[in-house]
Amino acid sequence: MNRSAAPAALPLPPASGGRREGDPPGRRRWVTIEDPLPLESGVRLPGVRLAYETWGQRAADSSNAVLVLHALTGDSHAAGPAGPGHPTPGWWDALVGPGRALDTARWFVVAPNVLGGCQGSTGPSSPGPDGTPWGSRFPYLTVRDQVAAEAALADALGIGRWAAVVGGSMGGMRALEWAVSRPERTGSLLVLAAPAAASAEQIAWGSVQIGAIRSDPGWRGGDYHDAPPGGGPHRGLGQARRIAHITYRSEPELGSRFGGAPQPGEDPGRGGRYQVESYLDHHAGKLVHRFDAGSYVALTEAMNGHDIGRGRGGAERALRRAEMPALVVGVDSDRLYPPSQQEELAALLPGTEGLRLVNSPYGHDGFLIETGQVGSFVRELLPPPSPLTPSPLLLEELP
C-alpha cells in the first residue's frame with residue numbers, strides 16, 4: 001500500500017482553516033478596540049477585534065461574570081453544538097450550562113477567542129489595515145498582550161472585575177497573567193495544567209512545531225492565504241499537530257489503545273501505517289480544516305515566551321500580587337506540563353493551599369476530558385453568588 005496516495009481521495013485542505021469574513025457568525029459577537037493596542041514589542045496593533053461568546057445573564061453590577069480562557073487550538077465556542085460557524089462542539093460543553101459547574105442560571109460566562117487566533121479575533125489570517133490578511137506582517141505577541149486585549153474586551157462589556165478567571169494550558173497562562181497584572185479585576189483564579197513559566201523542554205517542543213510549519217513550501221514566509229486549496233502549509237501544520245498530540249496524551253494510554261498494532265488493512269512493511277500513526281493522521285487532518293498555520297505559529301511563540309516573573313523580579317515576587325482565592329490544578333499523567341510545575345506555582349501563590357490533581361490516564365488532555373473532576377474544582381472555587389438584581393442589560397443588548 002502506498003501511504004502517500006491515500007489522502008488524494010480526501011478534499012484538499014484550504015490555504016487556511018481559520019474563519020473567513022462572510023462565514024456564518026454562529027454564536028459569536030465582536031468587540032472592536034478603538035485605539036491601536038500597545039504591544040510589549042513596542043508595536044501598536046490597529047483595528048483589533050475580539051470574537052467572544054456568552055452564556056447566562058449578567059447581573060446589573062456584573063458581579064457574576066466569569067472569564068473562561070481556551071487552550072492553543074480552542075476558540076470562543078466553549079459550549080454548544082457544532083453547526084454553522086462552529087466546526088466543532090463546545091470544548092467544555094459539559095461544564096457550561098444550567099445546573100452545570102459553570103451554572104448559567106447563576107453565572108454570566110464569557111469566552112473570547114484569543115488575540116492572534118483564527119476563529120473571529122484579529123490574527124494572521126484576518127484582514128489587516130489594507131483589507132488583505134495580515135500574514136507575515138502580523139506582529140509578535142506575548143501572553144501579556146493577549147490579556148491586555150481581553151481587558152479591553154471586559155471594558156467594552158462593562159465588566160470591571162471578574163468573579164473568576166478560569167483557564168487551562170495556554171488559557172491557564174492567560175488566567176495567571178490576569179491575576180498578576182490585574183489582581184483588582186480578578187476575584188478568584190483557577191489555573192489548570194499550566195506553569196509559571198515555559199520550561200526549556202516546552203519551548204523545544206513548541207519550536208519544533210513552528211519549524212515544521214515554516215519548513216513547508218506552502219508557508220511562503222507566512223503569506224499563503226490567497227493560495228488555492230492544497231496550496232497552503234497544511235502539511236507542516238499537520239505535522240506540528242502530530243508532534244503536539246503526542247505530548248498531549250500519556251504513553252500508557254497510547255500503549256493500551258494501540259500498542260504496536262498495524263492499522264486494519266494496512267501493512268507497515270509495505271508502506272502502510274500503524275494504528276497510532278492513523279490516530280495522529282486523523283487529528284492532523286481535522287486541524288488543518290479548522291485552524292490557521294499563522295495563528296498556530298503566533299500562539300506557540302506566545303506560549304514559548306510565557307514567564308510570569310519576566311521583568312517583575314522573578315516569579316516569586318510577581319505572584320505575591322495575586323492574593324485572591326486560587327486553585328492550581330495539574331493532571332497526574334501530564335508529560336507536557338508536569339504536576340511538578342504546578343506544585344511550584346501553588347507554593348508561590350498566596351491564595352492557594354497546595355496543588356490539586358486531576359486523576360486521568362489521558363495526559364495533558366485530561367483537563368478537557370475529565371470534566372467531572374474539573375467541574376468539582378470549579379464549584380469549589382465559585383461561592384454561591386448573591387441573588388441577582390434584575391438587570392436592564394440583557395444578553396441580547398451586549399455589544
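Per an unreviewed UniProt entry, the protein is named Homoserine O-acetyltransferase, and its organism is Streptomyces arboris. According to the UniProt record, the Subcellular location (unreviewed entry) comment for the protein reads "Cytoplasm". You can read under Catalytic activity (unreviewed entry) in the UniProt record for the protein the words "L-homoserine + acetyl-CoA = O-acetyl-L-homoserine + CoA".

### Here's the deal with the UniProt feature "binding site: substrate" (unreviewed entry) in the protein
Within this numbering scheme, the UniProt entry marks Arg-241 and Asp-365 as carrying the feature "binding site: substrate" (unreviewed entry). Judged by maximum C-alpha separation, these annotated positions cover 125 residues in sequence but sit close together in space, the widest gap being only 13.7 Å. By the element assignment, Arg-241 lies in helix H4 (residues 234-248). Residue classification places Arg-241 among the buried residues on the basis of a relative accessible area of 10%. Excluding residues within four positions of it along the chain, Arg-241 makes contact with Thr-73, Tyr-248, His-283, Ala-284, Leu-287, Arg-290 and Tyr-296. A distance of 3.4 Å separates the side chain of Arg-241 from the side chain of Thr-73, its partner in a polar contact. With respect to the element layout, Asp-365 can be found in the loop between strand E10 (356-358) and helix H10 (366-369). Judged by relative accessible area, which is 11%, Asp-365 ranks as buried. Those residues in contact with Asp-365 that lie beyond four places of it in its chain are His-245, Tyr-248 and Arg-249.

### Some remarks on the environment of Gly-363
As for its position among the elements, Gly-363 is in the loop between E10 and H10. Take Gly-363: its relative accessible area is 0%, and that puts it in the buried class. Sequence-wise, Gly-363 and Glu-253 are 110 residues apart; in three dimensions their C-alpha atoms are separated by 8.1 Å. Those residues in contact with Gly-363 that sit more than four places away from it in its chain are Tyr-248, Arg-249, Ser-250, Val-331, Ser-333 and Asp-334.

### Looking at the pattern of salt bridges
Counted by the stated rule, this structure contains 19 salt bridges. For Asp-281, the salt bridge goes to Arg-242, with nearest N and O atoms at 2.9 Å. One end of the pair, Asp-281, is in helix H6 (residues 275-288); the other, Arg-242, is in helix H4, with 39 residues separating them in the sequence. The residue Arg-356 makes a salt bridge to Glu-380 at a minimum N-O spacing of 2.8 Å. Residue Arg-356 is found in strand E10, and its partner Glu-380 is found in helix H11 (residues 371-381); the two are separated by 24 residues along the sequence. Using a relative accessible area of 27% as the deciding quantity, one classes Arg-356 as partly exposed. In this structure Glu-380 comes out as partly exposed when scored by relative accessible area, which is 44%. Via salt bridges that share partners, Glu-40, Arg-144, Glu-177, Arg-310 and Arg-312 belong to a single interconnected network.

Rules of the game
- Residues numbered from 1 in each chain as written.
- Predicted model: local features only at pLDDT ≥ 70, side-chain atom pairs only at ≥ 80, totals over all residues.
- Heavy atoms only, no water.
- UniProt positions renumbered as here; feature names shortened; annotations may be inferred.
- Helix = DSSP H or I, 4+ residues; strand = E, 2+ residues; numbered from the N terminus.
- Buried < 20%, exposed > 50% of the residue type's maximum accessible area, 1.4 Å probe, protein only.
- Contact = heavy atoms within 4.5 Å.
- Polar contact = N/O pair within 3.5 Å; in protein donor to acceptor, adjacent residues only side chain to side chain.
- Salt bridge = Lys/Arg side-chain N within 4 Å of Asp/Glu carboxyl O.

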